[in-house]
Amino acid sequence: MRTRYTPAELRTARLWWIVSLDFGGRTWRVSQGSLSIESTELNRWISVSAGLEGAETEMTAPWMGTEPESRRASVTLSIPELDVGLLLARGYEMDGQPLRIDLWREGDNWDDRLQVLSGTVASYEWGAKGEVVTIEAEELAYQDRALLPPPGAVVSAATWPSALEDQLGAAYPWIFGAPGSDGSAASPAIYIVDSRGGVRLLLLIAGHSVSATSVLVFDGTTNESLVVEHVADEVGRIVAVVDLGTAVAIAVDASLTYSVAWPTGAGLLGCTGNDATGAGSVIEAVLALSTLPIDRGSLAAVRSLLDAYKIGAYVEEPISPMEWVLDALIPLLPVAILTGPSGWRLVPVPVEPTDVRTIGTLTASAAIRRDGPVRTVGRDEVANRVELRYAISQEAGDPSATAVAGYNWDGSEHPALLSRLSAQVYGRKLRSDETVAVYDAGTALRIVRNRAAMYAFPRQVVTYVGQRLQWLQPGDIVQLEDSELHLSRVAWVERITLTPDSASVDLVLWRAL
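Attention in this report is confined to the structure presented alongside it. (Residues numbered from 1 in each chain as written. Predicted model: local features only at pLDDT ≥ 70, side-chain atom pairs only at ≥ 80, totals over all residues. Heavy atoms only, no water.)

Bringing the packing of helix α3 (residues 279-287) against helix α4 (residues 296-306) into the picture now. In helix packing, the relevant descriptors are the interaxial angle and the interaxial distance, both defined with respect to the helix axes. Following both chains from N to C, one finds α3 and α4 inclined at 150°, their axes separated by 7 Å at the closest point. Classed by the angle they form, the pair α3 and α4 counts as roughly antiparallel. From α3, A279, G280, S281, I283, E284 and L287 reach across to α4, where they touch R296, L299, A300, R303 and L306. Taken together, the residues that form the contact of α3 with α4 break down as 6 nonpolar, 2 polar and 3 charged. (Axes fitted to C-alpha atoms, helices over the stretch in contact; angles between N-to-C directions. Helix = DSSP H or I, 4+ residues; strand = E, 2+ residues; numbered from the N terminus. Parallel < 35°, antiparallel > 145°, perpendicular 65-115°, else oblique. Contact = heavy atoms within 4.5 Å. Nonpolar A, V, L, I, M, F, W, Y, C, P; charged D, E, K, R; others polar.)

Another aspect to go through is the packing of aromatic side chains. Going through the model one piece at a time under the given rule, you end up with 3 aromatic pairs. With a centroid separation of 4.3 Å and an interplanar angle of 45°, the aromatic rings of F176 and W324 are classed as tilted. With F176 in strand β10 (residues 174-177) and W324 in helix α5 (residues 321-329), this residue pair connects regions lying 148 residues apart in the sequence. The pair formed by F176 and W324 is uniform in burial state, with each residue classed as buried. When the centroid spacing of 5.9 Å and the interplanar angle of 70° are considered together, the rings of Y426 and F457 count as edge-to-face. (Phe/Tyr/Trp six-rings, centres within 6.5 Å; stacked < 30°, edge-to-face > 60°. Buried < 20%, exposed > 50% of the residue type's maximum accessible area, 1.4 Å probe, protein only.)

A few words now on the pairing of strand β14 (residues 214-218). Burial within β14 is extensive, with 5 of its 5 residues counted as buried. Taking every second residue as pointing to the same face, both faces of β14 are buried, with S214, L216 and F218 on one and V215 and V217 on the other. Counted between consecutive antiparallel strands, the loop separating β14 from strand β15 (residues 223-232) contains 4 residues, among which G220 sits at a positive phi close to 100°. Bridge count for β14 against strand β17 (residues 259-261) is 3 bridges, and the pairing is antiparallel. Directly across from V217, in β17, lies its bridge partner V260. (Pairing = 2+ DSSP bridges.)

Before going further, it helps to spend a moment on the environment of D22. Mapped onto the secondary structure, D22 falls in strand β1 (residues 15-23). For D22 and T134, which are 112 residues apart along the polypeptide, the C-alpha to C-alpha distance reads 15 Å. Here T27 takes part through its side chain, which lies 2.7 Å from a polar atom of the side chain of D22. Within the structure, D22 has its side chain in polar contact with the side chain of R100 (distance 3.3 Å). (Polar contact = N/O pair within 3.5 Å; in protein donor to acceptor, adjacent residues only side chain to side chain.)

Attention shifts here to the sheet that holds strand β11 (residues 187-188). With antiparallel pairing, 7 strands are arranged side by side in an open sheet as β11-β17-β14-β15-β16-β13-β12. Strand pairing shows two members of the sheet lacking a second neighbour, β11 and β12 (190-194), which therefore form its edges.

Applying the stated criterion to the full structure yields 21 salt bridges. R100 is the partner of D22 in a salt bridge, and the nearest nitrogen-oxygen pair spans 3.3 Å. In this pair, D22 is assigned in strand β1 and R100 in strand β7 (residues 98-105), connecting sequence segments 78 residues apart. The salt bridge involving E229 is made with R200; its shortest N-O contact spans 3.2 Å. Of this pair, E229 sits in strand β15 while R200 sits in strand β13 (residues 200-206), and the two are 29 residues apart along the sequence. Among the charged side chains, a network of salt bridges with common partners joins R2, E9, R105 and D108. (Salt bridge = Lys/Arg side-chain N within 4 Å of Asp/Glu carboxyl O.)

Our focus in this paragraph is the nonpolar core. Grouped together as the largest cluster of nonpolar side chains are 61 residues, with contacts concentrated most on W160, F176, I283, W324, L329, L333 and L346. Excluding residues that lie within four positions of it along the chain, W324 makes contacts with F176, V282, V286, A313, V315, I319 and L329. (Core = buried A, V, L, I, M, F, W, Y, C linked by side-chain atoms within 4.5 Å.)

This part is about the pairing of strand β5 (residues 52-60). Looking along a regular strand, one sees side chains alternate from face to face of the sheet. Here β5 runs beside strand β6 (residues 72-77); their pairing, made up of 6 bridges, is antiparallel. Residue T57 lies in a different strand from β6, and its bridge partner there is A73. Here 4 bridges tie β5 to strand β29 (residues 487-498), and the two strands are oriented antiparallel to one another. Bridging from a neighbouring strand, T60 pairs with R495 of β29.

Summarising the element assignment, R451 is placed in helix α7 (residues 441-454). Relative accessible area serves as the criterion here: at 3%, R451 is assigned to the buried category. Apart from the residues lying within four places of it in its own chain, the contact partners of R451 are M64, P331, L332, V386, L388, R431, D433 and A456.

Here we come to the side chain of T435. Relative to the helices and strands, T435 resides in the loop between β26 (430-434) and α7. Reaching out from T435, the side chain makes a polar contact with the backbone nitrogen of A437 at a distance of 3.0 Å.

With that settled, consider the packing of α3 against α5. Running from N to C, α3 and α5 cross one another at 155°; their axes reach a closest spacing of 9 Å. The pairing of α3 with α5 is recorded here as roughly antiparallel in orientation. Crossing of α3 against α5: the hand is right-handed. Between α3 and α5, the contacting residues are V282, I283, V286 and L287 on the first element and P321, M322, W324, V325 and L329 on the second. Of the residues belonging to the contact of α3 with α5, the class tally is 9 nonpolar, no polar and no charged. (Left-handed = near helix turned anticlockwise from the far one by under 90°.)

From the geometry alone we can't say anything about function, so treat these as descriptive.
Rendered as structure tokens:
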């Protein structure tokens, strides 16, 4: 299947919608008319019946840091031989059944269709045999069944038979990136008595293999660098430990609370076995543990861009990989995370609209008309001074550093032009956040500078409607030309609503200086 159309491919050819529903032990394929389409891969012809009375699907690329939305669709089918009531009476269920929507350009092979939705039936309305069936479908985007730490990754009589009673039930920490890369105590360590083959006193520092070869261990008074070892617990799980028997400076005492910094290497290994400290590599490694479909190509494409943001975090309370990425990382990064037929994918959001590569030009015309006025959104998000508290200390429990960008209001700083103009228009607007995932000062500064640029002014959104806009996808960047509005601007495709007759596109405009 193709990943997109070009404007030239849609200029003259007819585009057909094909809805495929698996129900009652067979696949029902319908379109606006009867079709017979050759498939080279399947070595047969695909038959499609008439009966698609209406359809609409909506796709969104949420603005930076915004929660993603599942793709949704509504279809109305009129299939004379479909008897929903009879099939339900025979024990077939329609709820949760697979439903796919493809766009097929007349004359193409079946294998060259564009899939816009691969989801399941969320709700439906039906009548007697042959009557219209209306179906609401959505992608199963959020049902991540994986957990980090996984069940069983705890100190117990089964995993460490000689464990002290106070340590029983402690979850193995999962380490992402390099928490405490600045040398501060950042992640927990569990005191372990290992009596296999002689008594050893260990600190369990990660419930998995790590790339770091040494870590800095804190006992509450002093710290010391110790070599990392990999051992198996009693049930065979490989964990990372340090041997307290090799310690010279720190105290060895089961009553102490130990913590760890990772200044020389990362925790969880990257997908290629690399030292995964950058956000791109961390996201790729964490989502590899997810049960959700992931668009690996999109992650690989943005890895180098996001790896400029150095990450350090840990979890010990069970959370799904996707939920952790959405909660801890996406709000920090200039990306949108969205779903598609190939799974979850990341799309970069350019902080500045200069020198970006556009996918094409959208020119307002009789065929591509503006639908309504230009709207201003995000007034309540305006900020001309941005603060980020970071580097949470395991010992103190609070952030130990703050990164600041924007207007200082007392004249002692010379902020960027956008922040200064924002303060002149909107007055003092402070945005202050805290993160558990950053210890690197350069990364923290990069994040606040991005936010200062992105939120200095509200965003402007304008909608265009046309019959030949299916070449656009959420997250695309286009050059918008609208002489009526005197606009010649770079725009972000935030939302697309498709029907068999037209496409509606919401564009986000950057402020022009």
